[in-house]
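Breakdown of the fold
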Amino acid sequence: MSLFRRFLFRVPAASLAFAALLACVGLPAQVLVLAVNEGVTYRVGNDEIRARYAPIAADLSKLLGQPVTVEPVSHYPTLQKGLQDKAYDLALVHPAHHSIRALRSGYRLLAVAKGYETYRASFFVRGDSPLKTLADLKGQRLGAPDEDSITAWMVRAALRDAVGDAQAVKISYTRYQDAVPFFVDNNLTNAGATAAAAVLKDWQAKGGRLIGQSKAVPIKHLIVGPSVPAGQHAALRAYFLELDSTDDGRHKLAPLKLKGFQPWDEAALLALGQWLGL
């Protein structure tokens with residue numbers, strides 16, 4: 001029997017019994033919050049996000065013996081404050097810099113999403129641009145997504161490595177990644193930066209070029225807050241790590257556009273935070 005299934009049958013039994021006892025005396029079980037941030041690559045409504053994650057929340061409710069509610073958090077300042085205040089019991093966080101900060105203040109890393117382990121910022125120019133390398137961007141104008149997006153943090157770190165100071169490049173920010181090519185197409189900036197594969201594919205298909213990339217940073221981190229007892233972390237980790245091993249689990253992952261989850265070295269992630277300049 002898998003680790004997750006052993007916990008599923010053992011841990012919740014006591015939790016559910018306790019929740020039932022609370023209900024008998026008129027005290028409702030505490031509602032746990034699963035915060036979800038999917039980044040700034042796409043525009044997705046909150047109701048759609050709640051519907052996508054509802055089956056996961058239902059499983060977690062059974063696993064932990066407490067109701068779990070899904071709270072979409074697209075606004076980065078709201079996400080940052082919620083993590084600082086420990087308002088989220090669990091969180092799936094796209095922007096690595098926010099989860100790395102949370103790991104420094106009491107949250108623990110459960111897993112990272114498969115397929116996003118080598119997330120990079122790529123720098124692109126028009127086909128007729130004289131720019132060839134990241135060093136050539138010194139004194140130039142660059143378009144990039146949201147200033148507090150993980151892509152923007154990787155952009156500034158990569159520019160610091162290439163030209164010594166990210167401020168040597170004039171960066172213009174826009175809310176969504178798919179809006180960045182507009183800057184370059186219309187000569188508002190000399191180059192653009194994005195981590196969205198679809199944006200890069202379209203750009204290269206029409207003759208544009210790449211001139212460099214940042215270091216890889218895994219994104220979409222699953223973290224757990226100090227409100228969840230350490231004794232339940234193994235069961236939570238096992239649940240997410242085993243989702244892609246069954247048809248039922250893969251069916252739940254499909255609407256999330258995720259392949260699954262895998263373990264990751266928390267110390268290595270914290271070290272990347274230093275490179276990002278956190």
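Model, not experiment: these values are computed from the prediction.

**Let's talk about the pattern of salt bridges**
When their charged atoms lie close together, side chains carrying opposite charge are able to pair. Inspection of every chain in the model, using the stated rule, returns 13 salt bridges. Taking the shortest distance from any N to any O, the salt bridge between Asp59 and Lys252 comes out at 2.5 Å. Highlighted residues: Asp59 in helix α2 (residues 46-64) and Lys252 in helix α9 (residues 247-253), separated in sequence by 193 residues. Among the salt bridges present, the one from Arg175 reaches Asp146, with a minimum N-O distance of 3.9 Å. Here the residue Arg175 occupies a position in the loop between β7 (170-174) and α6 (180-185), and Asp146 occupies one in the loop between β6 (141-145) and α5 (150-163), the gap between them amounting to 29 residues. Through salt bridges with shared partners, a single ionic network connects Glu38, Glu48 and Arg52.

**What about the sheet that holds strand β8 (residues 191-194)?**
Taking strand neighbours across the sheet as the criterion, the five strands line up as β7-β6-β8-β5-β9 in an open arrangement whose pairing is mixed. Edge positions in the open sheet fall to β7 and β9 (209-213), since each of these has one partner strand only. Averaged over all pairs of adjacent strands, the angle between their axes in this sheet comes to 30°, without regard to strand direction. For strand β5 (residues 122-125) and β9, the ladder comprises four bridges, and the chain directions are antiparallel. Counted as the bridge partner of Phe123 is Gly212 from β9. Along the sheet face, α5 touches β5, β6, β7 and β8 and points at about 170° away from the line of β7. Lying on the sheet, helix α7 (residues 197-205) is in contact with β5, β8 and β9; it crosses β5 at an angle near 25°.

Calculation notes
Residues numbered from 1 in each chain as written. Predicted model: local features only at pLDDT ≥ 70, side-chain atom pairs only at ≥ 80, totals over all residues. Heavy atoms only, no water. Salt bridge = Lys/Arg side-chain N within 4 Å of Asp/Glu carboxyl O. Helix = DSSP H or I, 4+ residues; strand = E, 2+ residues; numbered from the N terminus. Pairing = 2+ DSSP bridges. Axes fitted to C-alpha atoms, helices over the stretch in contact; angles between N-to-C directions. Contact = heavy atoms within 4.5 Å.

Everything listed here is a matter of coordinates, which is why it stays silent on function.
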